[in-house]
Amino acid sequence: MKINGRHYRTIWLNPDGRSVEVIDQSKLPHSFETQTLSSFGDAVEAIKNMIVRGAPLIGVTGAYGLALAVADDPADNAIEAAYAELLGSRPTAVNLRWALDRLRDRLFSTPPPMRRTLAYSEAAAIADDDIQACHAIGEYGAALISAAAPRCPDRPVNILTHCNAGWLAAVDWGTALAPIYKAARAGVAVHVWVDETRPRNQGASLTAFELLGEAIPHTIIADNTGGHLMQHGLVDLCIVGSDRTTRAGDVCNKIGTYLKALAAHDNSVPFYVALPSSTIDWRISDGLREIRIEERDQSEVTHICGRTERGETARVRLTPHGSPARNFGFDVTPARLVSALITERGACAANEAALQSLFPNLANSA
Ligand code: MRU
């Protein structure tokens, strides 16, 4: 997608053939900066500190991180150690493990002297595959938005989204926002309700930044607003992303997603989840019991960062000194609240049989 008229991916290999460049998402929307990942340790820190974030992009960054480790030492034990450290950098999005497994399997079937070249080309292939998947998700999801348009003859289709599942969360296009971009480019009038997504505000900062860049009409709302909008007929459909979807269709996504799904269910608003197959964890069925929910530092709840009128970045405390806070990163929306999963192979019901019929090889090899 474009920033100031120039096409960007979120991650790319630098001309030196070794270091990797990423968009520093912690600086957006106020400042567009890139950061160079020159070492395996840089990649781990970028994932941990959310310089890069979003399930598909975490996976691709993990793959390039492993390539950086291999460039230093292609031995089996060095690869295993780098794999373990990268895997622990963020626990919930399964795309990280998926990408690391894909790359490690290929490395271990290749002699050490050839591993460096292979690692970089496989990381690039993982990035390219993600773009293809998000592109296809966009086409299938746009069809659902177009189908809603005749029910909104004299106004745009109102879509609510949570967190950032746009191109910044992937390599390009995104998951939940790809259908919106495709529908808008096909001439469907859309308007997006953007949940601010406390505590890190990925909606208010990143989704709004993306939609502004694509000139898509949108409105930022406080996280608690969605239910009220749905009760008053102001949301035609919801589309969110996923960090891990079980084989039974339970969806783990940014904290607050479950509450939106409940409100959508109560108001008969379709609730769609867009995800590439790399987000499906075929090993597990029960999202509530089997997914480890990342718990981050409480300072993300007690403090907020923003830009002052003078153009300075400032971090301020919101809460009284002495009040403890907890910061759960994700929650699980049970499959029964999901109207459809939008994947790179089409939309399907959120259940095991439907997922298995779209991805028979993946389901059976888990
Ligand atoms: O903590 P984040 O910003 O990495 O969380 C991201 C999300 O929850 C997204 O909705 C999800 O990864 C889907 S991204 C295509």
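Preceding block: the structure.
Description of the structure in this document.

### Concerning the layout of surface pockets
Argument step 1. Taken as a whole, the largest pocket encloses approximately 760 Å³ of empty space.
Argument step 2. What lines the largest pocket is a set of 27 residues, among which Ser26, Leu28, Arg200, Cys305 and Gly306 lie closest to the centre.
Argument step 3. With five residues, strand β14 (residues 303-307) is the largest single contributor of residues to the lining of the largest pocket.
Argument step 4. Its residues placed into classes, the lining of the largest pocket shows eight nonpolar, eleven polar and eight charged.
Argument step 5. Here the lining of the largest pocket spans two domains, and each of domain 1 (2-129) and domain 2 (151-365) adds at least three residues to it.

### Focus on the packing of aromatic side chains
Argument step 1. Across all of its chains, the model carries three aromatic pairs by this definition.
Argument step 2. Residues tyrosine 8 and tryptophan 12 carry aromatic rings whose centres are separated by 6.0 Å and whose planes lie at 50° to one another, so their mutual orientation is tilted.
Argument step 3. Among the residues examined, tryptophan 12 registers a relative accessible area of 25% and is labelled partly exposed.
Argument step 4. Feature note: the residues Tyr8, Trp12 and Phe32 constitute an aromatic cluster, connected by ring pairs.
Argument step 5. One residue, lysine 254, lies across the ring of phenylalanine 330, its end atom 4.1 Å from the ring centre.

### Considerations on empty space enclosed by the protein
Empty space among the atoms becomes apparent when a probe as large as a water molecule is rolled across them.
Argument step 1. One pass over the full model with this rule turns up two cavities of 30 Å³ or more.
Argument step 2. Each pocket or cavity is described by its volume, and for the largest cavity that value is around 180 Å³.
Argument step 3. Secondary-structure elements contributing two or more residues to the lining of the largest cavity are α2 (55-72) and β11 (251-254).
Argument step 4. Take the lining of the largest cavity: its biggest share by element is three residues, from α2.
Argument step 5. Within the lining of the largest cavity, the residues separate by chemical class into nine nonpolar, eight polar and four charged.
Argument step 6. Three or more residues apiece are contributed to the lining of the largest cavity by two domains, here domain 1 (2-129) and domain 2 (151-365).
Argument step 7. The wall of the second largest cavity is formed by Met50, Pro199, Arg200, Gln202, Lys254, Ile255, Arg296, Glu300, Asn327, Phe328 and Gly329.
Argument step 8. When grouped by side-chain class, the residues that make up the lining of the second largest cavity number four nonpolar, three polar and four charged.

### Focus: unusual backbone geometry
Argument step 1. With an omega of 10°, the peptide bond between leucine 28 and proline 29 qualifies as cis.
Argument step 2. Here proline 29 is to be found in the loop between β4 (20-23) and β5 (34-37).
Argument step 3. With an omega of 10°, the peptide bond between arginine 198 and proline 199 qualifies as cis.
Argument step 4. Here proline 199 shows up in the loop between β7 (190-195) and α7 (202-213).
Argument step 5. Not every positive phi belongs to a glycine, and threonine 197 is a case in point at roughly 70°.
Argument step 6. Within the secondary structure, threonine 197 sits in the loop between β7 and α7.

### Side note on the sheet that holds strand β6 (residues 157-161)
Across a sheet, paired strands are connected by hydrogen bonds in the backbone, their directions being either parallel or antiparallel.
Argument step 1. Sheet architecture is open: seven strands sit in the order β8-β7-β6-β9-β12-β17-β18, paired in mixed fashion. In the strand order of this sheet, the two ends are held by β8 (218-221) and β18 (346-348), each with one partner. In this sheet, adjacent strand axes meet at a mean angle of 25° when their direction is disregarded.
Argument step 2. Inspection of the sheet shows strand β9 (residues 237-240) paired to strand β12 (residues 271-274) by three bridges, in the parallel sense. If you follow valine 240 over to β12, its bridge partner there is valine 273.
Argument step 3. Contacting β6, β7, β9, β12, β17 (340-343) and β18, helix α5 (residues 115-148) runs over the sheet at an angle of about 135° to β17.

### Overview of the site of the ligand
Argument step 1. Taken together, 18 residues are adjacent to the ligand, and Arg90, Gln202, Asp243, Asn253 and Lys254 come closest.
Argument step 2. Between the ligand and arginine 90, the relevant distance is 2.8 Å, taken from an oxygen atom to a side-chain nitrogen or oxygen of the residue.
Argument step 3. Glutamine 202 has a polar side-chain atom sitting 2.9 Å from an oxygen atom of the ligand.
Argument step 4. Isolated, the ligand exposes 410 Å² of accessible area, and the fraction of that covered by the protein chains is 100%.
Argument step 5. Taking a 2 Å distance to the grid points as the criterion, the majority of the atoms of the ligand fall inside the largest cavity.
Argument step 6. Shared between two domains, the shell around the ligand takes at least three residues from each, and those domains are domain 1 (2-129) and domain 2 (151-365).

### Regarding the pairing of β12
Consecutive residues of a regular strand have side chains that alternate between opposite faces of the sheet.
Argument step 1. Residues of β12 alternate between two faces, with Phe271 and Val273 on one and Tyr272 and Ala274 on the opposite face, all of them buried.
Argument step 2. The sheet contact formed by β12 and β17 spans three bridges and is parallel. When the bridges of β17 are listed, alanine 274 appears paired with isoleucine 342.

### Here we look at the sheet that holds strand β3 (residues 11-13)
Argument step 1. Taken in spatial order, the three strands line up as β3-β4-β5 in an open sheet, and their pairing is antiparallel. The sheet terminates laterally at β3 and β5, the two strands that pair on one side only. Across this sheet, the average inter-strand angle for adjacent strands is 25°, counted without regard to direction.
Argument step 2. Judged from the three bridges that link them, β3 and β4 form a sheet pairing that is antiparallel.

Procedures and definitions
- Residues numbered from 1 in each chain as written.
- Predicted model: local features only at pLDDT ≥ 70, side-chain atom pairs only at ≥ 80, totals over all residues.
- Heavy atoms only, no water.
- 1 Å grid on protein atoms, 1.4 Å probe; cavity = no way out; pocket = protein on both sides within 12 Å on 5 of 7 lines; lining within 4 Å.
- Points joined across faces, edges and corners; volume = space filled by probe spheres on them.
- Helix = DSSP H or I, 4+ residues; strand = E, 2+ residues; numbered from the N terminus.
- Nonpolar A, V, L, I, M, F, W, Y, C, P; charged D, E, K, R; others polar.
- Domains from an automatic or database assignment.
- Phe/Tyr/Trp six-rings, centres within 6.5 Å; stacked < 30°, edge-to-face > 60°.
- Buried < 20%, exposed > 50% of the residue type's maximum accessible area, 1.4 Å probe, protein only.
- Lys NZ or Arg CZ within 6 Å of the ring centre and 35° of its normal.
- Pairing = 2+ DSSP bridges.
- Axes fitted to C-alpha atoms, helices over the stretch in contact; angles between N-to-C directions.
- Contact = heavy atoms within 4.5 Å.
- Near = heavy atom within 4 Å.
- Polar contact = N/O pair within 3.5 Å; in protein donor to acceptor, adjacent residues only side chain to side chain.
- Areas by Shrake-Rupley, 256 points an atom, 1.4 Å probe, with all protein chains shown as cover.
- Sits in = over half its atoms within 2 Å of the grid points.

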